[in-house]
Amino acid sequence: MSNGVGQARAALGARLRELRRDARLSGKQLAEACGWHPAKVSRIELGKQQPSEDDLLAWCRATDSPLVYDDLVATLRNLQSMYLEWRRVVASGRAHRQRQSLEIEGRAQYIRWFESWVVPGLLQTPEYAAAMLTTCRALVPGGRDDIAEAVAVRMSRQRVLRTGRRRFSFVIGEAALHQTVGSSEIMVEQRRALIEHAANPRIDLGIVPATVDASVGSHGFAIFDAERVMVETISAELTITRPSEIAIYADAFAIMHGLARHGAGAVDLIARIGV
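Presented here is a report on the structure given in the accompanying data block. (Residues numbered from 1 in each chain as written. Predicted model: local features only at pLDDT ≥ 70, side-chain atom pairs only at ≥ 80, totals over all residues. Heavy atoms only, no water.)

1. Points about the overall build of the chain
Now for step 1: The secondary structure content of the chain amounts to 13 helices and eight strands.
Now for step 2: Principal-axis analysis of the C-alpha atoms places the extent of the chain at approximately 70 × 40 × 35 Å.
Now for step 3: Among the 275 residues that make up the chain, the fraction classed as buried is 46%.
Now for step 4: For the chain, restricting intrachain contacts to residue pairs at least 6 apart in sequence, the fraction spanning at least 24 positions comes to 75%.
Now for step 5: Summed over its atoms, the accessible surface of the chain is roughly 13,900 Å², and 53% of this surface lies on carbon and sulfur atoms.
Now for step 6: Separation of charge centres in the chain, based on 35 positive and 31 negative side chains, amounts to 1 Å. (Helix = DSSP H or I, 4+ residues; strand = E, 2+ residues; numbered from the N terminus. Buried < 20%, exposed > 50% of the residue type's maximum accessible area, 1.4 Å probe, protein only. Contact = heavy atoms within 4.5 Å. Areas by Shrake-Rupley, 256 points an atom, 1.4 Å probe, with all protein chains shown as cover. Lys, Arg positive; Asp, Glu negative; His and termini not counted. Charge placed at Lys NZ, Arg CZ, Asp CG, Glu CD.)

2. Brief notes about the packing of helix α8 (residues 126-139) against helix α9 (residues 147-156)
Now for step 1: The interhelical angle for the contact between α8 and α9, taken along N-to-C directions, is 135 degrees, at an axis separation of 9 Å. Regarding the angle of α8 to α9, the classification is oblique. Between α8 and α9 lies a crossing of right-handed hand. From α8, Pro-126, Ala-129, Ala-130, Leu-133, Thr-134 and Arg-137 reach across to α9, where they touch Ile-147, Ala-150, Val-151, Arg-154 and Met-155.
Now for step 2: Grouping the amino acids of the contact of α8 with α9 by side-chain chemistry returns eight nonpolar, one polar and two charged. (Axes fitted to C-alpha atoms, helices over the stretch in contact; angles between N-to-C directions. Parallel < 35°, antiparallel > 145°, perpendicular 65-115°, else oblique. Left-handed = near helix turned anticlockwise from the far one by under 90°. Nonpolar A, V, L, I, M, F, W, Y, C, P; charged D, E, K, R; others polar.)

3. Some thoughts on the pairing of strand β4 (residues 203-208)
Now for step 1: Taken across its six residues, β4 has five buried, putting it largely inside the fold.
Now for step 2: Alignment of strand β3 (residues 167-173) against β4, held across six bridges, turns out to be parallel. Its bridge partner being in β4, Phe-168 is matched across the sheet by Ile-203. (Pairing = 2+ DSSP bridges.)

4. Regarding the side chain of Lys-40
Now for step 1: Among the secondary structure elements, Lys-40 is positioned in helix α3 (residues 38-45).
Now for step 2: Not counting residues up to four positions away in its chain, the partners in contact with Lys-40 are Gln-49 and Asp-55.

5. So, the pattern of salt bridges
Now for step 1: Per the stated rule, a full pass over the model turns up eight salt bridges.
Now for step 2: The closest approach of N and O atoms between Glu-18 and Arg-15, which form a salt bridge, is 3.5 Å. With Glu-18 and Arg-15 both in helix α1 (residues 3-22), this residue pair falls three residues apart, about one helical turn.
Now for step 3: Taking the relative accessible area as the measure of exposure, Arg-15 reaches 32% and is therefore partly exposed.
Now for step 4: As a salt-bridge pair, Asp-268 and Arg-272 come within 3.2 Å of each other at their nearest N and O atoms. Of the two residues, Asp-268 and Arg-272 both sit in helix α13 (residues 264-273), four residues apart, roughly one turn of that helix.
Now for step 5: Among the residues examined, Asp-268 registers a relative accessible area of 40% and is labelled partly exposed. (Salt bridge = Lys/Arg side-chain N within 4 Å of Asp/Glu carboxyl O.)

6. Observations concerning the environment of Ala-74
Now for step 1: Mapped onto the secondary structure, Ala-74 falls in helix α5 (residues 69-82).
Now for step 2: Sequence spacing of Ala-74 and Val-208 is 134 residues, and the spatial spacing of their C-alpha atoms is 41 Å.

7. Things to note about the nonpolar core
Now for step 1: Leu-122, Leu-123, Phe-168, Phe-170, Leu-194, Leu-205 and Ile-207 are the most contacted members of the largest nonpolar core, which totals 30 residues.
Now for step 2: The set of elements that each furnish at least two residues to this core consists of β2 (110-115), α8, β3, α10 (175-178), α11 (184-198), β4, β5 (221-224) and α13.
Now for step 3: Setting aside residues no more than four positions away along its own chain, Ile-207 makes contact with Ile-172, Glu-174, Leu-177, Ala-260, Arg-261, Ala-266, Leu-269 and Ile-270.
Now for step 4: One finds Leu-12, Leu-16, Val-68 and Val-73 within the second-largest nonpolar core, a separate group that totals 17 residues. (Core = buried A, V, L, I, M, F, W, Y, C linked by side-chain atoms within 4.5 Å.)

In structure tokens, the structure reads:
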């Protein structure tokens, strides 16, 4: 789990520990008042267990601090929104998730996106997107069988690449251009599409050669303005809003951007792989 989620959970635990100590209760006494095993109090305070809203209510009653309950619930809900398991995300269908991306990308004026092993969603061809979403559905089953609809929505997301005064900076690892998604024919069309995107004056497209030391780019992420970072893992989607963490991702992007080939250099690298 992201360090940011762990830090947020630890901060909530520390606040609850303060309430317990202000009430002059030991962990054992609080557990008895709430009807819990004493270990639960310790796990919550150390950030090892995330409390429920009912847990927070019991904690506030036991410590006679009802006035902070609403603030604690707000903190908990923000924490929950930071880390969403894919099974929950896709419960209402892949197309629904694509529409959420449509809204997020539509609000942003500057998007920086790094991927090491796949082509960013905003630059994918329909066939590439269909292969990716089909693979994801096999890995995380459930929800509606709406791959075709999800692909159509993903393609509609690309309108932001041509409208408004938005700017985009995409940095892609060369490995993503070699890694077969769907078929070799799909990959040829995808590489051709990237060359076409590179001609868009709104887009700064960079390709990080496989021969450079790019160990800082361990996973993909997208930065929306300076307000949020979104990271997709195998099991979940992570949203980061803490300014200090956003700054770290911005620095990582700057490093990868500096290692990449841009403009004619990027197009030449793509073309040499095969179009």
